[in-house]
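What the coordinates show
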Number of protein chains: 2
Amino acid sequence: MQKVLQAVADPIRLSLLRQLAAKEPEEIPCGVFDLPVGKSGLSHHFAVLRMAGLLEQRDQGQQRLNRLRREEVEAAFPGLLALVLRDDGDNAARS
Amino acid sequence: MQKVLQAVADPIRLSLLRQLAAKEPEEIPCGVFDLPVGKSGLSHHFAVLRMAGLLEQRDQGQQRLNRLRREEVEAAFPGLLALVLRDDGDNAARS
DNA sequence: GCTGTTGTTCGATCCACATCAAACATAGTA
DNA sequence: TACTATGTTTGATGTGGATCGAACAACAGC
């Protein structure tokens with residue numbers, strides 16, 4: 001739980017989850033994410049999300065495909081995904 | 001949103017919220033929380049939770065009473081409180 | 001074999017933040 | 001007034017973790 005909260009508390013990782021959810025159920029290789037970090041940093045964030053049980057990786061050829069573990073997460077933390085994947089509006093609003 | 005997630009991602013603050021929720025609707029002065037931090041650290045954590053909109057403070061005499069902003073939080077982030085205030089079992093379980 | 005692509009790992013750096021101790025502020029009480 | 005209790009603020013310290021670059025590993029195609 002603590003681990004999951006810390007995982008989603010990072011803006012990079014949150015964006016990562018959202019991009020992943022947006023293309024669901026497609027599995028996305030690490031390289032195609034649009035994020036302001038180098039590939040080593042990206043690899044780190046993927047590891048954190050994986051450890052937290054939020055996503056799963058699967059090797060296919062030279063690339064590693066990522067899948068959001070939606071069902072498992074929903075079972076362990078009901079409502080979490082619905083909450084954090086929300087298209088905020090919280091950034092622009094509140095003006 | 002980001003601010004709220006970072007707020008609840010800290011174990012001290014999470015415990016603080018849970019202790020507050022456990023005694024609801026009673027308002028709790030800062031000093032009675034059972035946490036492994038000094039009073040200055042505690043004051044810091046209260047400030048973070050306040051900035052995140054999770055609780056409210058009210059002066060009464062020499063003490064400052066804390067109230068969980070349950071309704072407001074539920075309106076802004078539906079399901080969040082139900083999720084993070086859950087009595088985990090996630091610590092002991094998974095054995 | 002060699003080269004390019006994808007991702008991980010390692011080492012170093014940097015910074016936000018959690019923490020503490022001490023000083024301060026305010027309210028109550030003697 | 002002085003003293004105590006409750007919190008806040010400030011300044012300093014330590015540390016986890018986010019980041020980068022370079023080296024490395026595995027795979028595909030030449």
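Residues numbered from 1 in each chain as written. Chains lettered and ligands numbered in written order. Predicted model: local features only at pLDDT ≥ 70, side-chain atom pairs only at ≥ 80, totals over all residues. Heavy atoms only, no water.

Among the 20 residues in the neighbourhood of DNA strand D, the closest are listed as Gly-38, His-44 and His-45 of chain A together with Gly-31 and Ser-43 of chain B. Take the atoms of DNA strand D that sit within 4 Å of the protein: sugar and phosphate atoms are 64% of them. In this structure, Ser-40 of chain A approaches DNA strand D through a side-chain N or O atom, which is 3.2 Å from a base oxygen. A distance of 2.9 Å is found between a phosphate oxygen of DNA strand D and a backbone nitrogen or oxygen belonging to Cys-30 of chain B. Going through the elements one at a time, helix 2 (11-22) and helix 3 (39-51) of chain A together with helix 3 (39-51) and strand 3 (63-68) of chain B are the ones with two or more residues in the surface near DNA strand D. (Near = heavy atom within 4 Å. Polar contact = N/O pair within 3.5 Å; in protein donor to acceptor, adjacent residues only side chain to side chain. Helix = DSSP H or I, 4+ residues; strand = E, 2+ residues; numbered from the N terminus.)

This part is about the pattern of salt bridges. As enumerated under the stated definition, the model contains 12 salt bridges over all chains in all. Across the pair Arg-69 of chain A and Glu-72 of chain A runs a salt bridge whose closest N-O atoms are separated by 3.8 Å. Arg-69 of chain A gets classed as partly exposed once you look at its relative accessible area, which sits at 22%. The salt bridge involving Glu-56 of chain B is made with Arg-67 of chain B; its shortest N-O contact spans 2.8 Å. With Glu-56 of chain B in strand 2 (residues 55-60) and Arg-67 of chain B in strand 3, this pair connects stretches of sequence that are 11 residues apart. A single network of salt bridges, built from pairs that share partners, joins Glu-56, Arg-67, Arg-69 and Glu-72 of chain A. (Salt bridge = Lys/Arg side-chain N within 4 Å of Asp/Glu carboxyl O. Buried < 20%, exposed > 50% of the residue type's maximum accessible area, 1.4 Å probe, protein only.)

Moving on: the sheet that holds strand 1 (residues 28-29) of chain B. All names here are of chain B. Pairing is antiparallel in the open sheet, where three strands are placed in the order 1-3-2. The outermost strands of the open sheet, each flanked by one partner alone, are strand 1 and strand 2. Relative to strand 3, strand 1 runs antiparallel, the two being bridged by two bridges. Across the sheet, the residue bridging to Ile-28 is Asn-66, located in strand 3. Its contacts with the sheet put helix 2 (residues 11-22) on strand 1, strand 2 and strand 3, and the angle it makes with strand 3 is roughly 85°. Each of strand 2 and strand 3 touches helix 3; the most contacted strand, strand 2, lies at about 120° to it. (Pairing = 2+ DSSP bridges. Contact = heavy atoms within 4.5 Å. Axes fitted to C-alpha atoms, helices over the stretch in contact; angles between N-to-C directions.)

A word on the protein's contact with DNA strand C. Taken together, 21 residues lie around DNA strand C, and Gly-31, Lys-39 and Ser-43 of chain A together with His-44 and His-45 of chain B are the ones closest in. Each atom of DNA strand C within 4 Å of the protein was assigned to sugar, phosphate or base; sugar and phosphate come to 65%. In this structure, a base oxygen belonging to DNA strand C sits 2.8 Å away from a side-chain N or O atom of Lys-39 of chain A. Contacts to DNA strand C include His-45 of chain B, whose side-chain N or O atom sits 2.4 Å from a phosphate oxygen. For the surface near DNA strand C, the secondary structure elements donating two or more residues are helix 3 and strand 3 (63-68) of chain A together with helix 2 and helix 3 of chain B. Among the elements that line the surface near DNA strand C, the one with the most residues is helix 3 of chain A, at four residues. By residue class, the composition of the surface near DNA strand C is four nonpolar, 12 polar and five charged. (Nonpolar A, V, L, I, M, F, W, Y, C, P; charged D, E, K, R; others polar.)

On to the packing of aromatic side chains, then. Residues and elements named next belong to chain A. By the definition in use, this model includes two aromatic pairs over all chains. Both rings, one in Phe-33 and one in Phe-46, keep their centres 5.5 Å apart while their planes meet at 70°; by these two values the pair is edge-to-face. Of this pair, Phe-33 sits in the loop between strand 1 (28-29) and helix 3 while Phe-46 is found in helix 3, placing the two residues 13 residues apart along the sequence. Taken as a pair, Phe-33 and Phe-46 share a single burial class, namely buried. (Phe/Tyr/Trp six-rings, centres within 6.5 Å; stacked < 30°, edge-to-face > 60°.)

Honestly, that's just the spatial picture; any functional story needs more than this.
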